[in-house]
Every structure is written in C-alpha cells, then in structure tokens.
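# Descriptive analysis of the structure
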Amino acid sequence: LHGWADRDGSSQAIISARRAATGAGGRAALLVLSDAAGTGASTLGQPGGNARFKPANIKLVIFDCDGVLIDSEMISARVLLSKLAAYGVDVDFAHFRTPFLGRSFPKAAAEVRQQHDVALPDDFEQSYRSALLAAFEVELKAMTGVIEAVSQLSVASCVATSSSPPRVKRSLQIAGLDTYFGE
C-alpha cells in the first residue's frame, strides 16, 4: 500500500508495504477492490464474490485507484508512450503494461532507461505528469458504477495507489470522487 486517504479526510499517510488486516478470530476486517492484474476489471458490483467477505465482517474498503475508481490506464499509456516515442523508445501497450501498470514512476522509468539504453532528461517525469493531467482534464471519468457504489458504502473507505498524491487528488476531483475520499 503506497498511499491512502481516509474517506472522512481525517488523515493521510504513506505506507511502504502491503498489509492485510484481520479482525478477531482471523475474520476479514477489510475488503480490497483492486485491478492489480492490470485487466481493467474490478469486482465492484459483481455478484457472487468471496463467501468469507460478509457485510458484517467488512470494516474498511480499500479501493485501488487506476482501473478501479478511475478509467485512467489507457489515457496514461497513450500519453507515456507518446512521450517515450519522442526519445526513440517505441513500445506498444502490451509492453507498457508490464513495467508500468501498478508501479511507481521512478521504478518504471529506471526500467525503461535500462532496457532501452536511453537517457531520459531530468524533467521527463514532470513533463509526462503535466501532459497526463492535461489529458485527464479532458478525458478522465469514473469507472462505470463506481460513484453509485461508493455513495452507498456504510463503512470506512480509502484509496490505495502508487500514483503521486497530486495526481490522485486531481484525478478524484475530475472524476467526481473527491467528496468520498477527502484529502
């Protein structure tokens, strides 16, 4: 878990490791809705689910951001691939998924530098982030059904992401989700 913000906006923290919380007797005390596989699909709103996650056991819902709350992955890929192409790095979306989805930008950029033997300028990350936020302003939306689902939650919720705090904050604002997750 790289970052989180309480639904009530009372606190924010950066945590360096993934953690699972359990209640007394080993029962689940939280539910994580994630697109960690990078499939663009979440379990949100799908019937069936894991039988051990009963509503009475859920105390906290942790939402992955990209691909679960906001429909950002294709926008991010398009902007980054365009930026990389300007430096002679020609990769497709399939290649993009492996080093980039769900990873911090510095780690992903280091992998690009190593695999493609390219010297990206010092301002590459800032240039990418600026172009990405500009694209988000025009194109970003909440994932289908998310606003309705989040608005009906009766337990605490938060967002977990490896994205930068300014990007997450603005993304949630653009998608109309900021009122549900605070600072």
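Residues numbered from 1 in each chain as written. Predicted model: local features only at pLDDT ≥ 70, side-chain atom pairs only at ≥ 80, totals over all residues. Heavy atoms only, no water.

Positionally, Arg97 belongs in helix 2 (residues 93–100). The exposure class assigned to Arg97 is partly exposed, which follows from its relative accessible area of 30%. Remark: the alpha-carbon pair of Arg97 and Ala77, spanning 20 residues in sequence, is separated by 8.3 Å. (Helix = DSSP H or I, 4+ residues; strand = E, 2+ residues; numbered from the N terminus. Buried < 20%, exposed > 50% of the residue type's maximum accessible area, 1.4 Å probe, protein only.)

What follows is about the pattern of salt bridges. Within the structure shown, the criterion is met by four salt bridges. As a salt-bridge pair, Arg129 and Glu125 come within 2.7 Å of each other at their nearest N and O atoms. Taken together, the residues Arg129 and Glu125, both in helix 4 (residues 124–139) and four residues apart, mark about one turn of the helix. (Salt bridge = Lys/Arg side-chain N within 4 Å of Asp/Glu carboxyl O.)

Its identity as a non-glycine residue notwithstanding, Asp117 has a phi of 50°, on the positive side. By the element assignment, Asp117 lies in the loop between helix 3 (105–116) and helix 4. By relative accessible area, Asp117 is classed as exposed at 73%.

Right, let's get into helix 4. The terminal C-alpha atoms of helix 4, which comprises 16 residues, lie 22 Å apart, in line with the 22 Å expected from a rise of 1.5 Å per residue. Along helix 4, the positions that sit buried rather than exposed are Phe124, Tyr128, Arg129, Leu132, Ala135 and Phe136. Taken around the axis of helix 4, the buried residues stretch over an arc of 130°, which confines them to a single face. Exposed and facing more than 90 degrees away from the buried side of helix 4 are Gln126 and Val138. (Expected span 1.5 Å × (residues − 1). Arc of directions from axis to C-beta.)

Let's shift gears to the side chain of Ser72. Structurally, the position occupied by Ser72 is in the loop between strand 4 (60–64) and helix 1 (73–85). Excluding anything up to four places from it in sequence, Ser72 contacts Asp66, Gly67, Phe136, Leu140 and Arg167. (Contact = heavy atoms within 4.5 Å.)

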